[in-house]
Amino acid sequence: MKTIKAIIASLALFAMFAGTSAQAKVEIQWWHAFGGRLGELLDEQVNKFNASQDKYTVVHTRKGNYSETLNAGIAAFRAGQHPNILMVFEVGTASLMAAKGAYVPMYQLMKDAGQRFNPNGFVSAVSGYYTTTDGKMLSMPYNSSTPVLWVNKDLMKKAGLDPEMDLSTWKRVGNALDAAKAKGIDMPFCTCWHSWVHLENFSAYHNIPFASKSNGFAGLDTELAFNSPVHIKHIQTLGKWAQEGKFKYMGRRNEAGKNFRAGECMLMTESSAGYAGIKKEAKFEFGIRHLPYYGATEAPQNTIIGGSSLWALSGKSKEENKATAAFLAFLSRTDIQAKWHQDTGYLGVTTAAAKATKKSGFYKSNPGTDLAGIQMMRNKVTQNSKGLRLGSFDQIRGIIDEEMEGVYNGTKTAQVALDSAVKRGNVLLRRFERANK
Amino acid sequence: MEKRVFFKGWWLPALLVAPQLLISFVFFFYPSGQAIWNSLFLPDPFGLKTEFVGLDNFRFLLSDPYYLASFKTTIIFSTAVSVSSMALGLYLAALADRLIKGAGVYQTLLIWPYAIAPAIAGVLWLFMFNGNIGLASYYLKALGYEWNHTLKGDQAMFLVILASSWGRISYNFLFFLAGLQAIPKSIIEAAAIDGASFWKRFGTIVIPLLSPITFFLLVVNIVYAFFDTFGVIHTITSGGPEQSTTILVYKLFSDGFVSQDLGSSAAQSVILLVLVGILTVIQFKYIERKVHY
C-alpha cells in the first residue's frame with residue numbers, strides 16, 4: 001500500500017513539475033512564406049531569439065508563397081486557429097488594415113507589453129507603407145526590396161557595348177537593346193514582376209499617381225490612374241520591344257530571373273533581392289544599376305518597396321502578446337537587421353542597420369548593393385511615391401498582368417489595355433470599399 | 001423477371017437508407033445550402049462583418065465580360081478534353097483488345113498515367129514545355145516554332161488540354177477495354193463470316209454495343225473537365241495569359257481562395273451547380289435515348 005502511495009505521490013509530483021516547466025515557456029506561432037536560402041536565414045533568426053532568453057519560444061511554419069500564406073492566415077482566423085504572427089506581403093496590406101479587429105496594431109502591442117520600441121528608427125519610405133495617415137505603425141516591416149536594373153556585362157561586351165555605359169534612361173536602354181538585337185543577342189531585355197516594376201514603381205519614380213487619393217492612402221474611395229500618357233508611352237514601348245524580339249516575356253512573377261542567372265538575358269529589371277540568387281548562380285560579370293526613367297521628367301523621384309511586414313493577429317492571451325512583442329523588438333535590433341540586409345539584398349529597414357552596414361565596408365566590397373537604398377531614399381517622398389494602399393490588390397495585379405500580356409503579344413494597344421485594366425480594377429476597388437465600409 | 005422485395009413497416013428501410021442520406025446531407029446538401037446562403041452576402045475576408053446584398057453578387061458576375069468569356073473557355077476546354085481523351089482511349093483499347101502476346105504488360109502501362117495526380121501531371125507537362133529548360137519547347141524552337149505559352153493563349157490552351165487529357169486517356173482506355181471484352185466474340189465472328197470488313201464491324205456492331213459505356217464516360221469526363229482539372233490549370237498557367245485558360249471552376253477557386261472574395265465565389269458555385277444540373281438533365285433526357293443497353 002505504502003509503495004503504491006509513494007508511486008502515486010511521485011507521479012503527481014512529476015506531473016506538477018513537468019506541467020510547470022512546460023508552462024514556464026510561452027510558445028508563439030509565426031507563419032511565413034520563405035523557403036530555400038531565405039528560409040534558412042529566417043530559421044537562424046528564430047533560433048537566435050529562442051536561445052537569447054528563456055521565457056518565450058517562437059515556432060515558425062512555412063505556408064507556401066506570399067498569397068498562400070496570407071490565405072492560410074485568413075482562413076485560420078475565420079476558424080479561430082490563427083498564429084500569433086502572420087507575414088503579409090505589401091499587396092495584402094490594405095486588406096489587413098481594413099480588417100480592424102483582426103490584428104493588434106504594432107504601437108498598441110508594444111505599449112501593452114511595455115516593450116521599448118522606436119517607430120522612428122525605421123526608414124520612413126518603408127515604415128510609411130505600414131503606418132496610418134495619423135502616424136500610427138500597424139505592422140512591423142520585415143523584408144523590403146525595390147526594383148533595380150541588372151546588367152550582364154559579358155553580353156554587353158558581346159553586343160559591342162561598353163558595359164559601363166549610361167543606362168539611366170529608357171531611351172538609352174532602348175539604344176542598347178537595338179545594338180544587342182543587331183548583334184544577334186537572343187534576349188536583350190527581360191523583366192520580373194511586371195505591374196510592380198513597370199506601373200507601380202514607374203508611377204512613383206516619375207512622381208505621377210498610380211491611383212487617386214494618394215494612391216489609396218487617403219481613403220477607400222480611391223480610383224486607379226495608371227492610364228496616363230506617360231504610362232501608356234512606357235507600356236507601348238515594352239510592347240514594341242516584345243514585337244521586335246528585344247524583350248522576351250517569361251511570366252508574371254520572377255520567372256525571367258532564371259534566364260538572367262543562366263546568362264541568356266542582357267538587361268533585366270528585378271527586385272534588389274534578386275541579389276542572393278544572382279550572386280550564387282551567375283557565371284558572368286554582373287552589374288547593378290538604378291531603375292531607368294524617362295528623361296522628360298527631370299530627375300527621378302524615389303521608387304517604392306515590395307516585400308512583407310509582420311502582423312500580430314488578435315485574440316491571443318496577454319502573455320502570448322508579450323512574447324510577440326519581445327520577438328518583434330528582437331527582429332528590429334540593428335545587428336539582426338544589418339545581417340539580414342547583407343545576406344539577402346533586401347533593404348536595411350532601420351536607419352541604424354544601414355549605417356552599420358556602411359561602416360562595415362560591405363558596400364565597398366559588394367558594389368551596387370547600396371543602390372536600392374539610395375534609389376528609395378534619394379528624395380523626400382511625395383503623395384505619389386509613398387507607396388500603394390489598395391484593396392483587393394492581388395486580384396488587381398492579376399488583371400494588370402492579363403492586360404499587359406495582351407500588349408506583349410500584340411493583340412492590344414497599351415491605351416486599350418491600360419484603360420481596360422483601370423476600368424476592371426476600379427470595379428474591384430468599389431467592391432472592396434463596399435465590403436469594408 | 002424483376003425481383004422486388006417489400007418491407008413491412010418503415011423503420012427498417014429508413015435505417016437502411018440512413019447512411020446514404022446522412023452522407024448526402026453532410027457532403028452535398030449542407031455545403032450546397034451554405035453556398036446558396038453565402039451567395040447573398042458580401043463578407044470581408046476575415047469574417048468580421050458581412051452585409052446582405054441580395055442578388056448583387058450575381059449581377060456583379062454577369063456584368064463581368066471575363067466571367068462570360070470563361071463560359072466559352074470552359075466549353076472549348078471540356079469538349080476538347082472529353083473528345084480527345086475518349087477517342088484516344090477507344091483507339092488504344094481497340095488495339096490492346098487485339099493483342100495476343102503481352103496484353104497484360106501493355107494494359108498496365110497504358111493505365112499507369114491515371115495514377116498521377118492532376119497537379120503533378122501539370123508540373124510534368126510544364127517541365128517539358130518550359131520556355132527555359134523544356135525539352136519539347138527546345139525541339140520546337142529548333143524546328144523554327146516559337147513556343148511561349150505564358151504569352152500565347154492558344155498554346156496555353158493546347159498545353160492544359162494535353163495535360164488534362166493525358167491521365168484521362170488511361171481511365172477511358174480501361175472502361176473501353178472492359179466494354180470491348182464484354183462484346184461476345186461470336187457476334188463479331190458471324191459478321192466477319194458474312195464478309196463485313198473491320199471498319200464495318202466496328203461501326204455497326206462494336207460502337208452501338210459500347211454506347212452505354214461511351215455515355216457513362218461522356219458524363220464522367222465532362223464532370224472531370226469541369227471540376228477536377230483546376231490542379232492542372234493552377235500549376236501550368238494559373239488561368240493566363242489574359243484569362244485564356246480560366247475555366248469556370250478555376251475562376252471560382254481564384255476568386256474565393258486567392259482573392260478572398262467569398263461572396264462572388266459562392267455565387268459562382270451556385271451558378272456552376274445549376275449549370276451541371278442542366279447539363280446532366282440534357283444528357284439523360286436526350287443522349288441516353290440513343291443508348292442501347
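Residues numbered from 1 in each chain as written. Chains lettered and ligands numbered in written order. Predicted model: local features only at pLDDT ≥ 70, side-chain atom pairs only at ≥ 80, totals over all residues.

### Some thoughts on the overall build of chain B
For step 1, the next point in the chain: For chain B, the helix and strand inventory stands at 12 helices and 2 strands.
For step 2, the next point in the chain: Reading chain B from its N terminus to its C terminus gives the helix and strand order α-β-β-α-α-α-α-α-α-α-α-α-α-α.
For step 3, the next point in the chain: Taking the principal axes of the C-alpha coordinates as reference, chain B spans close to 75 × 75 × 30 Å.
For step 4, the next point in the chain: Each of the 293 residues in chain B was classed as buried or not, and the buried ones make up 33%.
For step 5, the next point in the chain: Relative to all contacts within chain B whose residues are 6 or more apart in sequence, the contacts with residues 24 or more apart total 69%. (Helix = DSSP H or I, 4+ residues; strand = E, 2+ residues; numbered from the N terminus. Buried ≥ 20, exposed ≤ 12 C-beta atoms within 10 Å, placed from the backbone. Contact = placed C-beta atoms within 7 Å.)

### Comments concerning the domain arrangement of chain A
Residues and elements named next belong to chain A.
For step 1, the next point in the chain: Domain parsing of chain A yields domain 1 (2-144 + 306-359) and domain 2 (147-303 + 380-435).
For step 2, the next point in the chain: Taken over C-alpha atoms, the centre of domain 1 sits 32 Å from the centre of domain 2.
For step 3, the next point in the chain: Between domain 1 and domain 2, the contact holds 16 residues from the first and 20 residues from the second.
For step 4, the next point in the chain: Per-element accounting of the side of domain 1 that touches domain 2 gives the leading share, 4 residues, to helix H4 (residues 93-98). (Domains from an automatic or database assignment.)

### Quick look at the interface of chain A and chain B
One widely used convention gives an interface's size as the accessible area the parts lose upon coming together.
For step 1, the next point in the chain: In this assembly, 27 residues from chain A lie in contact with 21 residues from chain B.
For step 2, the next point in the chain: Listing elements by their share of the side of chain A that touches chain B, those giving two or more residues are helix H3 (66-79), helix H12 (256-261), helix H19 (393-408) and helix H20 (414-435) of chain A.
For step 3, the next point in the chain: Broken down by element, the residue count for the side of chain A that touches chain B peaks at 6 residues, all from H19(A).
For step 4, the next point in the chain: Looking at the side of chain A that touches chain B, its residues break down into 8 nonpolar, 11 polar and 8 charged. (Nonpolar A, V, L, I, M, F, W, Y, C, P; charged D, E, K, R; others polar.)

### Focus: the pairing of strand E7 (residues 187-191) of chain A
Residues and elements named next belong to chain A.
For step 1, the next point in the chain: In terms of burial, E7 is largely enclosed, as 5 of its 5 residues are buried.
For step 2, the next point in the chain: The pairing of E7 with strand E8 (residues 265-271) spans 4 bridges and is parallel. Counted as the bridge partner of Thr 191 is Thr 269 from E8. (Pairing = 2+ DSSP bridges.)

### Let's talk about the sheet that holds strand E6 (residues 147-152) of chain A
Residue and element names in this part refer to chain A.
For step 1, the next point in the chain: Spatially, 4 strands are ordered E7-E8-E6-E9 in an open sheet, and the strand pairing comes out mixed. For this open sheet the edge positions go to E7 and strand E9 (286-289), each flanked by a neighbour on one side alone. Strand-to-strand twist across the sheet, computed as the mean angle between neighbouring axes with direction ignored, equals 20 degrees.
For step 2, the next point in the chain: Lying on the sheet, helix H8 (residues 170-182) is in contact with E7 and E8; it crosses E7 at an angle near 135 degrees. (Axes fitted to C-alpha atoms, helices over the stretch in contact; angles between N-to-C directions.)

### Brief notes about the confidence of the model for chain A
For step 1, the next point in the chain: When pLDDT is averaged along chain A, the result is 90; 94% of the residues meet or exceed 70.
For step 2, the next point in the chain: For residues 17-22 of chain A, every residue scores under 50 in pLDDT, and the model assigns this stretch 0 contacts once sequence neighbours within four places are set aside. (pLDDT = per-residue confidence, 0-100.)

### As for the pairing of E8(A)
Residue and element names in this part refer to chain A.
For step 1, the next point in the chain: Across the 7 residues of E8, 7 count as buried, placing the element largely inside the fold.
For step 2, the next point in the chain: Where E6 meets E8, 5 bridges bridge the pair, whose relative direction is antiparallel. Pairing of Pro 147 across the sheet is with Ser 271, part of E8.

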